[in-house]
Amino acid sequence: MKPNPTAEAQAPVAAGGATPKDAAAVILLRAGTNGANPEVFWACRSRRMAFLGGFHAFPGGQRDASDAETPVKNCEDSERGAMIACAARELFEELGVLVARGVDALTKGQRASLLDDLESGRMSFPQLLLHYGLHLDADDFTFTGRWVTPPFSPRRFDTWFFMVNCPAKQEPNVTGDAELESGEWIAAREAVARWERSEVLT
């Protein structure tokens, strides 16, 4: 049974504080990883960023208007579907990993062409999926939590987190997105240990 996102407690908006914007993030699991200590992909945000610069985080970002227009199979909840689309789009934009049914038939070069079409604005994400005969499936995105940035933050996000298996034929790579400067696979326990040793900000 999957968690119900709507049942998650929401942080209140402080008087005069910024209203949280919808966002989604992906906890990407390495293909064939050990379930007892899975490898996840995290990225370091650019130190030039005014908001959480230098912090390590999972790939993701703010919801786009087109996300609500992206069909998601096996999903009857329109809000959840839009957030899954947001997660899939952001993952593709930031790491070049496309989690969509039918993508295995595409070559690495074709996926790069798709990313260029998206980044250049020649196609929106739903148009791109339709044009190449791809579709999103809710079964590929496991909801793991919904966290809201604290009221004192100058920028606030209501972020849905999804756990996703990285397709075996794809490898995440920081694409040059201005928000990210590096990324790596890391065992979950090691990530926590580095944070406990104050070696990274999260």
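The structure reproduced in this document is the subject of the present report.

Cut-off values and rules
Within each chain, residues carry numbers counting from 1 in the order of the written sequence. Totals for whole chains, interfaces and linings use all residues, but because this is a predicted model, local features are given only for residues with pLDDT of at least 70 and pairs of side-chain atoms are given and counted only at 80 or more. Excluded from the side-chain calculation are hydrogens and water; included are all heavy atoms of the structure. Where helices and strands are cited, they refer to DSSP runs of H or I of at least four residues and of E of at least two residues respectively, numbered from the N terminus. Multiplying one less than the number of residues by 1.5 Å gives the expected span of a helix. We call a residue buried when its accessible area falls under 20% of the maximum for its residue type, exposed when it is over 50%, and partly exposed in between, using a 1.4 Å probe and counting protein chains only. Throughout, the arc means the angular range of directions from the helix axis out to the C-beta atoms. For the purposes of these results, a polar contact is taken to be a pair of N or O atoms within 3.5 Å, where, inside protein, one atom must be able to donate a hydrogen and its partner to accept one; residues adjacent in sequence count only when each atom of the pair is a side-chain atom. Note on terminology: a nonpolar core comprises buried Ala, Val, Leu, Ile, Met, Phe, Trp, Tyr and Cys residues joined through side-chain atoms within 4.5 Å. Ring pairs shown here join Phe, Tyr and Trp side chains whose ring centres sit within 6.5 Å, with only the six-membered ring taken for Trp; geometry is labelled stacked below 30 degrees between planes, edge-to-face above 60, and tilted in between. Throughout this description, the term salt bridge denotes a Lys or Arg side-chain nitrogen within 4 Å of a carboxyl oxygen of Asp or Glu. Strands are treated as partners if at least two bridges between them are detected by DSSP.

## Some thoughts on helix H2 (residues 108-120)
Argument step 1. With 13 residues, H2 extends 18 Å from end C-alpha to end C-alpha; this agrees with the ideal 18 Å at 1.5 Å per step.
Argument step 2. Listed in full, the buried residues belonging to H2 are Arg111, Leu114, Leu115, Asp117 and Leu118. The buried residues of H2 occupy one face: seen down the axis, they fall within an arc of 155°.

## Comments concerning helix H1 (residues 78-95)
Argument step 1. In this model H1 runs 26 Å from its N-terminal to its C-terminal C-alpha over 18 residues, within 8% of the 26 Å that 1.5 Å per residue would give.
Argument step 2. For H1, the buried fraction is high: 15 of the 18 residues fall into the buried class.
Argument step 3. With a side-chain oxygen lying 2.9 Å from the backbone nitrogen of Glu79, the N-terminal cap of H1 falls on Asp77.
Argument step 4. The first or second residue beyond H1 is Gly96, which carries a positive phi of 75°.

## Observations concerning the nonpolar core
Argument step 1. Residues Leu28, Phe92, Leu98, Phe125, Leu136 and Phe162 are the most contacted members of the largest nonpolar core, which totals 39 residues.
Argument step 2. If you list the elements that add at least two residues to this core, you get strand S1 (21-29), H1, H2, helix H3 (125-131) and strand S8 (157-165).
Argument step 3. The element best represented in this core is H1, accounting for 9 residues.
Argument step 4. Counting residues in hydrophobic clusters, the runner-up holds 8 residues, among them Ala25, Ile27, Leu29 and Val40.

## A few points about the packing of aromatic side chains
Argument step 1. The final tally for this structure, using the stated rule, is 6 aromatic pairs.
Argument step 2. Between Phe41 and Trp185, the aromatic rings sit 5.4 Å apart at their centres with planes inclined by 85°, giving edge-to-face as the arrangement. Here Phe41, found in strand S2 (residues 39-45), pairs with Trp185, found in strand S9 (residues 180-187); they are 144 residues apart in sequence, far enough to count as distant.
Argument step 3. A ring pair is formed by Phe143 and Trp160, whose centres lie 5.7 Å apart and whose planes are at 70°; its orientation type is edge-to-face.

## What to know about the pattern of salt bridges
Argument step 1. All told, the structure shown has 12 salt bridges when counted by the stated rule.
Argument step 2. One salt bridge in this structure joins Asp137 and Arg101, with 3.7 Å as the shortest N-O distance. You can see Asp137 sitting in strand S6 (residues 136-137) and its partner Arg101 sitting in the loop between H1 and H2, a full 36 residues away along the chain.
Argument step 3. Relative accessible area serves as the criterion here: at 6%, Asp137 is assigned to the buried category.

## Examining the pairing of S8
Argument step 1. Burial analysis of S8 places 7 of its 9 residues in the buried class, which makes it a mostly covered element.
Argument step 2. Sheet topology places S1 next to S8; 9 bridges connect them, and they run parallel. Bridged to Leu28 within S8 is Val164.

## So, unusual backbone geometry
Argument step 1. Here Asn74, not a glycine, exhibits a phi torsion of approximately 60°, which is positive.
Argument step 2. By secondary structure assignment, the location of Asn74 is in the loop between strand S5 (72-73) and H1.
Argument step 3. Overall, Asn74 belongs to the exposed group, its relative accessible area being 52%.

Structural measurements only, silent on function.
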